[in-house]
Amino acid sequence: MEMRLEHVNVTVPDPKTCAAVLCEVFGWHVRWEGEAKDQGFTVHVGDADSYLALYAPNAELQPMGNTYVRVGGFNHVGVVVDDLAATEARVKAAGFEPHSHGDYEPGTRFYFDGPHGIEFEVVHYD
């Protein structure tokens, strides 16, 4: 039985801006955008196999707080890349600060707090 993660849906205040940054950093593309649930707007950004659905409701957004202490909290998105150094350079060029670098099995990695405070873990498997 084959299994893969197809998408994750996350609420953001500005899906188009968030998508543009993620396209720049990860080389993704916008797969679809349009009207969504409850008169909101969504942008699907990713590659041919998987994507992030960036959703903005037609309502005032509330901060989530510390997601690591919330049941069902959304903590970070893990993205596998071919070239960790080149991706880190694009992250910095986009105005974000890489942190928590690590080199442990099964690969090397760093994190950054991206658009709208979404944390990304960027991983390269050797």
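Residues numbered from 1 in each chain as written. Predicted model: local features only at pLDDT ≥ 70, side-chain atom pairs only at ≥ 80, totals over all residues. Heavy atoms only, no water.

What about the pattern of salt bridges?
Where charged atoms from two side chains of opposite charge approach closely, those side chains can pair. In the structure shown here, the tally under the stated rule is three salt bridges. The closest approach of N and O atoms between lysine 16 and glutamate 33, which form a salt bridge, is 3.5 Å. A residue pair is termed long-range when its members are at least 10 positions apart, and lysine 16 in helix α1 (residues 15-26) and glutamate 33 in strand β2 (residues 29-36) qualify at 17 residues. The residue arginine 109 makes a salt bridge to glutamate 121 at a minimum N-O spacing of 2.6 Å. Here arginine 109 is found in strand β7 (residues 107-113), whereas its partner glutamate 121 is found in strand β8 (residues 119-125), with 12 residues between them in sequence. A single burial state applies to arginine 109 and to glutamate 121, both of which are buried. (Salt bridge = Lys/Arg side-chain N within 4 Å of Asp/Glu carboxyl O. Helix = DSSP H or I, 4+ residues; strand = E, 2+ residues; numbered from the N terminus. Buried < 20%, exposed > 50% of the residue type's maximum accessible area, 1.4 Å probe, protein only.)

Regarding α1
Between its first and last C-alpha atoms α1 spans 16 Å; for 12 residues at 1.5 Å apiece the expected length is 16 Å, and the two agree. Inspection of α1 places Pro15, Cys18, Ala19, Val21, Leu22, Cys23, Val25 and Phe26 among the buried residues, and these make up the whole buried set. (Expected span 1.5 Å × (residues − 1).)

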